[in-house]
Amino acid sequence: MSSSQRIRRQPGLLVLEDGRSFCGTSFGAQGSAFGEAVFSTGMTGYQETLTDPSYRRQIVVMTAPHIGNTGMNDDDAESRQIWVSGFVVRDLSRIASNWRSQRELADDLADVGVVGVADIDTRALTRHLRDRGAMRAGVFGGSDAAAPLEELVAAVKASPSMVGADLAGEVTTPQSYTVAAQGQPRFRVAAVDLGIKAMTPEMMAARGIEVVVVPSSVTSAELAALEIDGLFLSNGPGDPATADRTVELARWALESRLPLFGICFGNQILGRALGFGTYKLPFGHRGINQPVMDLTTRKVEVTSQNHGFAVDAPIGESVETDFGRARVSHVGLNDNVVEGIECLDRPAFSVQYHPEAAAGPHDSAYLFDRFFSLLEANRSVTSGGSR
Amino acid sequence: MPRRDDIKSVLVIGSGPIVIGQACEFDYSGTQACRVLREEGIRVVLVNSNPATIMTDPEFADATYVEPITPEIIEKIIATERPDAVLPTLGGQTALNAAIELDKAGILDKYGVELIGAQVAAIEAGENREKFKEIVATIDIHGYQAESARSVICHTLQDCFAGAEELGYPMVVRPSFTMGGAGSGMAYNPNDLERIAGAGLAASPTSEVLLEESILGWKEYELEVMRDKHDNVVVVCSIENVDPVGVHTGDSITVAPALTLTDREFQRMRDVGIDVIRKVGVETGGCNIQFAIDPDTGRMIVIEMNPRVSRSSALASKATGFPIAKIAAKLAIGYTLDEIPNDITKKTPAAFEPTLDYIVVKVPRFAFEKFPNTDQTLTTTMKSVGEAMAIGRNFTEALQKALRSVEKRSASFAWPGSKSDVDIEDLLSRMAIPTDGRLNEVQLALWAGATIEQVHEACDIDPWFLDQIELINEIADEVRQAPELDVEILRVAKRHGFSDVQLAALRSNDSLQRDALAIAELRAELGVNPVYKTVDTCAAEFEASTPYHYSTYDEESEVAGRERPAVLILGSGPNRIGQGIEFDYSCVHAALTLREAGYETVMVNCNPETVSTDYDTSDRLYFEPLTAEDVMAVYNAEVAAGPVVGVICQLGGQTPLGLAQTLKDQGVPVVGTSPEAIHLAEERGAFGKVLAEAQLPAPAHGLASSFEEATEIADRVGYPVLVRPSYVLGGRGMEIVYDETMMADYLERATEASPEHPVLVDRFLDDAIEVDVDALYDGSELFLGAVMEHIEEAGVHSGDSACALPPITLSQTEVERVRASTEAIASGIGVRGLLNVQYALAGGILYVLEANPRASRTVPFVSKATGVSLAKAAARIAMGSTISELRETGVLPTQGDGGTLPLGGPMAVKEAVLPFARFLGVDTLLGPEMRSTGEVMGIDDDFGTAFAKSQIAAFSSGLPTSGRVFVSMADRDKRSMVFPIKRLADLGFEIAATPGTAAILARHGVKATELRKHFQGAGPNGEPTTVAAMEAGEIAMVVNTPYGVGGRVDGYEIRSVAVRLGIPCITTVQGLSAAVEGIESLLAGEMGVRSLQQHASDLATLQAAQAAALAEARGAPA
């Protein structure tokens, strides 16, 4: 590759549904891709971001300027594949430099056909999304970027919206699989894969929990047949308002007093099961520096977050629900968004952020301990002994 | 939970004089702390011996003590002020050590004063290497065991050799409890070990050194961590050192955020960092933790931690917009992170971790040219004197901006004519040893064809950074080879940080022959202009309300429009010897007063250590290099935003002054003294005419552009002569030349120093009294700020000389002559604002040595001593105010000035602080080239006590009050020494001397023990040499004036040993007399303390009384 080719790459273009466009260069796959444009503020963890199923059908804009520095490896992926529909960075690294690096980022994106755009003013784009809200966008690489802008805007406008999107079915595991507990298995938990990240069952397994990851289509009868001690509802993409089937699973667990833990999408599901509404945030929370206060201890955690929707529940009071009292347990300090809810009369709680933290800080790992305690307490209540 | 209500008064300890390893970053942090505490309604008591700081401005504390930072003095302050608490974590190692001493001495208990910010146990756990390693060993994160480097603690040299057997060479030697890693080094063999560990054992207050496995060449990182009393912990910033382990982080090129770690690796480092701050027990505040990572295996080692704010935390604050010191002060008084709002977003709390959408690069600035005989290898002992920071939207842009910000000609990347001329092998072997210019060697080698692998092999710099430099090289080639400079190539080049100067140089073969200015014009035509982004802590997730900007070549600019007229203030860039904190002080004052006067103040500077680059100081901050291109771009952006009525160039020292003419030529309204007037003062011929017109004498002189011309002038005016290149600051390249041989030798070196300019040859006035004047001039009236008398004779650079205010031997008639001369110069040049003039008084004649139409180094000292802010007044005069208006509005006193200070008023002494301990092997003689890094002030009723205080503040040992004084004088000084030495003997000192000196003393009835000279070795009966006696601790003070001329003259050995052992060493006769006066005061009784506020009010009372007496005398008939 001659130096001038390295500096002047193929054109790449990002087009927003409101008509604003950003010209840059193309990397990864060429062609066109559509999705909701969102920005993520994490300075580390692009591999985890790319492989997080919650980013399904989203075009992710990284605010950190240099991406690709540490390459890609076989250990850090959060699922079996890259899910983002498009990837937008300011400066793509020309080489990977890290002792664990196995491949270059651009090659991995090209292999799975993800269109990347580099060398655009990502800060201007982020400010635009912050002020106007997340919106549909298209990324175009190579000859696709040469089409007239009006055509591209029309194509973006014709692409599906995130509101009302049911995407869990697109990302869930086709078959159940089990993540073995480390050491002596103490409990068995079913994790409903709505877009689960690999670190989540890892965190439970590390605490002696055997995790059966089940497809999102699982029924309560199938769950009951698994002889589980608890139910876990994972993170995942899409609008929680469409997840009626999963909400029913949550109600079933609450009904049967099965310990329940939810993360992210799972938090929205528990919220809906308790009768709270959900709504779309203007531009979401995506980053690994989000402060959350645990209202019980008043301590602050720096958390990893990736959500465009949130639960609508009153902060600072407990609410009567179909399943007894419930209250908001965690709140985001930046904007007072509900970041966690707990049932006071049922063994159930959930958080909107990511205690499994991949990528992100490990401040909230205690929540897995809390779930473990819930499983323990519940066992002594229900059976008074071990399995 | 709100703040504690049991703390009503806090004593803040500052960091003392600027020294290598402890610079103005602690003025920045201390100033923030004072501001925060006062906003909370807490009474602030401050002690700091450094008058050049903003924090010691009387308005920043309720009681400001410019006094030595010693337990004795601090106890007196505590006894007077009775504070509830002491805050020591914002004044560097000096303050922390003072706190520990106060605690050990039982003073804190005695007065019931609480230590806040960090407990003694935590300070010790963080700083005692053994304890710290034990703590690290207890850190287990889900099965991951944190590690320190394998090491051995030693208290004797025998221990050291035993330890070496275990660890193997090479190994790191680190003395405990020294500042900035002083005295540490890498031992490659037993000889190194003996040398470094021997000195280290002596330097460590606990006689302790640590030997450590070598992690040389590993990747090095730092985390800035903060914790509140609820145990909430945040990591404010990660910093990666481009220079691998082996170079002190203060001497490394560093980048924020870390760029070569995956999330897993970063989070593991974060986990360990959080556990470290918890287990060390820093309950409320910040700390800095350093890590090393093996680039091949990822093995991570915790190197060390500082349980206080640091240079890195100042950098991190500027890099992220998260004000660590300010938050630390709030945490110390009981707030929690979630209760403190983020200043920049206003809406979100400080309990979060900033995220950056830009890259920050810091480049250190060295001063090796001032210490030519010292080892210039970069090691684990810090040697840089300052730093510049730059922000860009990528690494290449930030790096190139930072390199031009350090203002060193060779720092920016350059490309020679042909690749084949470059000796790659030579470069590869040179870059194996870290030095100031290593990155340039790397760049050149890569450009000439060395591979990234080869270069990485040679210098261990991470391949990622090497590839970025390769990218810069590729663009350079493309710029050079492009048929023409089109939009595309210009965009790419500017996006990666190329300056117009670099582009012009690369296009030197272009038939259009564009200079940098023409390139800028071309860019403007083609629309390739910078935009300004905002440092907002959150990567644009939330709206920022604080206009803290940096330039980049992107699409969208964020500079907001404004209505109020703006004034741009150009700062002074990185600290260096001759241009330091004093200039930042003046810039900050301009910002404060012009904001008050209704202007929108806009600061442009690139020094992360300063108060001026605090986003709170001005209405807008541009963190930009101080080059013509970068400043013009800011000016253009601000003109687009609203009216700009002036640009102030005369407060930031030579850096902005040097830009004045260029800016004015491009239509910028340079206010204050005009560039043409600056030229009149700086160009020797023009200045000579000004003096001639005013009929003021200057030492005979001439301008020489060859050796022949120089010797001809010297013969005419008579040796010795003072020679120097024109247009220099800090006496760069200035030397006293005694004969023709020295002239030849000097010219060879000086021509290198400044090829464009000829050399000035001045008659050197022997035994003259040097007088330093700071004054204001508004075009018709002069305000004499101060007349300072130097302790050392003329010939010692004013920056290195101690001085007294008011003058100690000048009569009022002489002061009035100074006033008249100063006024004539001010008017002749056309000064509008500050003017500094240096005079030499010899044989009853007042010679003018030089005049600088700008803020000088002494402005802050004068302001503290006289209670008048000259810098504020200068800024107002620049904007059109007159002195009489300023007297009316209270900016200046209603009557009198620095020339009419009342009799009986206090004496202020400024003493310079020299970095010789860092540059062992350099002769400590004072000369015309400035070498001091900082200054202290002693203030008291009489000169002796004030001088003694200044000595205690400047040198930890201060002046002795008993013991043995070694005296060795040059023949010409022997007559003047008799009286003071006799006095010392009368005061009970034992005198030791060289045979020649002893003989003279004996004739005057002073009995002196003879000591053998160094080259003689010990005598037949074991009679010691002077050096041996010093090393045995038998000498309390050394008086040694140099013999004759030449480089390493006799006495050199004695002076360097004195520096190494910290023995007071006096090298001038005048210094000796002052010291004797000081010693007399120390023996006469206890030293008192007095706050500046008290001082100012005493002074005002005296002045009023003097004025009343004068009026009465006038009123009453004679």
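As the structure is a computational prediction, the values presented were derived from the model and not from experiment. (Residues numbered from 1 in each chain as written. Chains lettered and ligands numbered in written order. Predicted model: local features only at pLDDT ≥ 70, side-chain atom pairs only at ≥ 80, totals over all residues.)

Here we look at the overall build of chain A
In plain terms, the rule: Comment: elements are numbered from the N terminus, with helices defined as DSSP H or I runs of at least four residues and strands as E runs of at least two. Radius of gyration means the value over C-alpha atoms here, while the globule rule gives 2.2 Å times the residue count to the 0.38 power. Here the contact rule is simple: place C-beta atoms from the backbone, and any two residues whose C-beta atoms are within 7 Å are in contact.
A tally of regular secondary structure across chain A gives eleven helices and 20 strands. Here chain A has a C-alpha radius of gyration of 21 Å; the compact-globule value for 387 residues is 21 Å, and the two agree. Seen along its three principal axes, the alpha-carbon backbone of chain A occupies a region of about 70 × 40 × 40 Å. Long-range pairs, those at least 24 residues apart, make up 74% of the contacts in chain A with a sequence separation of at least 6.

A closer look at the pairing of strand 4 (residues 58-62) of chain A
Residues and elements named next belong to chain A. Short version of the rule: Neighbour counting defines burial: a residue surrounded by 20 or more other C-beta atoms within 10 Å of its own C-beta is buried, one with 12 or fewer is exposed, and intermediate counts give partly exposed, using backbone-placed C-beta atoms. Two strands pair under a simple rule: DSSP has to find at least two bridges between them.
Of all five residues in strand 4, five are buried; the element is thus mostly enclosed. Residues Gln58, Val60 and Met62 of strand 4 are buried on one face, and the alternating residues Ile59 and Val61, pointing to the opposite face, are buried as well. Across three bridges, strand 4 lies against strand 6 (residues 86-88) in parallel orientation. Following the sheet pairing, Val60 is matched in strand 6 by Phe87.

Comments concerning the sheet that holds strand 35 (residues 907-913) of chain B
All names here are of chain B. Stated precisely, the cut-off is as follows: The angle between two axes is taken between their N-to-C directions and runs from 0 to 180 degrees, where each axis is a line fitted to C-alpha atoms and a helix contributes only its stretch in contact.
Pairing within the open sheet is antiparallel, and its seven strands lie in the order 34-33-30-31-32-35-36. Edge strands, defined here as strands with exactly one partner in the open sheet, are strand 34 (845-852) and strand 36 (934-940). Each neighbouring strand pair of the sheet contributes to a mean axis angle of 25°, computed without reference to strand direction. Two elements, strand 31 (residues 782-793) and strand 32 (residues 803-805), share two bridges in a ladder whose sense is antiparallel. Within strand 32, the residue paired with Glu789 across the bridge is Ala804. Against the sheet, helix 32 (residues 943-954) contacts strand 32, strand 35 and strand 36, and its axis sits at roughly 145° relative to strand 36.

A closer look at the domain arrangement of chain A
Residues and elements named next belong to chain A. Just so we agree on the cut-off: Start and end points for every domain follow an automatic or database-based domain assignment. Residues are grouped as follows: Ala, Val, Leu, Ile, Met, Phe, Trp, Tyr, Cys and Pro are nonpolar; Asp, Glu, Lys and Arg are charged; all remaining types, including Gly, are polar.
By the assigned domains, chain A splits into domain 1 (3-157) and domain 2 (168-383). Here the C-alpha centroids of domain 1 and domain 2 sit 29 Å apart. Contacts between the two partners involve 23 residues from domain 1, matched on the other side by 22 residues from domain 2. If you list the elements that add at least two residues to the side of domain 1 that touches domain 2, you get strand 3 (31-40), helix 2 (46-50) and helix 4 (122-132). Class assignment for the residues of the side of domain 1 that touches domain 2 results in eight nonpolar, nine polar and six charged.

A short note on the interface of chain B and chain A
Interface size is commonly expressed as the accessible area that is lost once the parts come together. Tallying the contact residues gives 52 residues for chain B and 43 residues for chain A. Sorting the residues of the side of chain B that touches chain A by element identifies helix 9 (263-280) and helix 16 (463-481) of chain B as the ones contributing at least two each. The biggest single contributor to the side of chain B that touches chain A is helix 16 of chain B, with eight residues. Here the residues of the side of chain B that touches chain A sort into 22 nonpolar, ten polar and 20 charged.

A word on the pairing of strand 9 (residues 171-175) of chain B
All names here are of chain B. Where burial is concerned, most of strand 9 is hidden: five out of the five residues are buried. Residues Met171, Val173 and Pro175 of strand 9 are buried on one face, and the alternating residues Val172 and Arg174, pointing to the opposite face, are buried as well. Note that strand 9 and strand 11 (residues 209-213) share five bridges and pair antiparallel. Bridging across to strand 11, Met171 finds its partner in Glu213.

A word on the environment of Met204 of chain A
All names here are of chain A. Mapped onto the fold, Met204 is located in helix 7 (residues 199-205). Looking at Met204, the number of C-beta atoms within 10 Å reads 26, which means it is buried. It is 8.6 Å that separates the C-alpha atoms of Met204 and Asp369, two residues lying 165 residues apart in sequence. Residues within four places of Met204 in sequence aside, it is in contact with Val189, Ile209, Val211 and Phe368.

Focus: helix 24 (residues 675-682) of chain B
Within the sequence span of helix 24 of chain B, burial applies to Ala677, Ile678, Leu680, Ala681 and Glu682 of chain B. The elements touched by buried residues of helix 24 of chain B are helix 22 (654-657), helix 23 (660-665), helix 25 (684-694), helix 28 (812-829) and strand 34 of chain B.

Describing helix 14 (residues 438-448) of chain B
Residue and element names in this part refer to chain B. In terms of burial, helix 14 is a largely internal element, nine of the eleven residues being buried. In this fold, the buried residues of helix 14 make contact with helix 13 (424-431), helix 15 (452-459) and helix 16. Gly449 sits one or two residues past helix 14 and shows a positive phi near 125°.

A word on unusual backbone geometry
Residues and elements named next belong to chain B. At the junction of Ala256 and Pro257, the peptide bond is cis and its omega measures out at -5° in the coordinates. Looking at the element boundaries, Pro257 is found in the loop between strand 14 (254-256) and helix 9. In the segment running from Leu805 into Pro806, the intervening peptide bond is cis, with an omega of -10°. Positionally, Pro806 belongs in the loop between strand 32 and helix 28. Its identity as a non-glycine residue notwithstanding, Ala539 has a phi of 55°, on the positive side.

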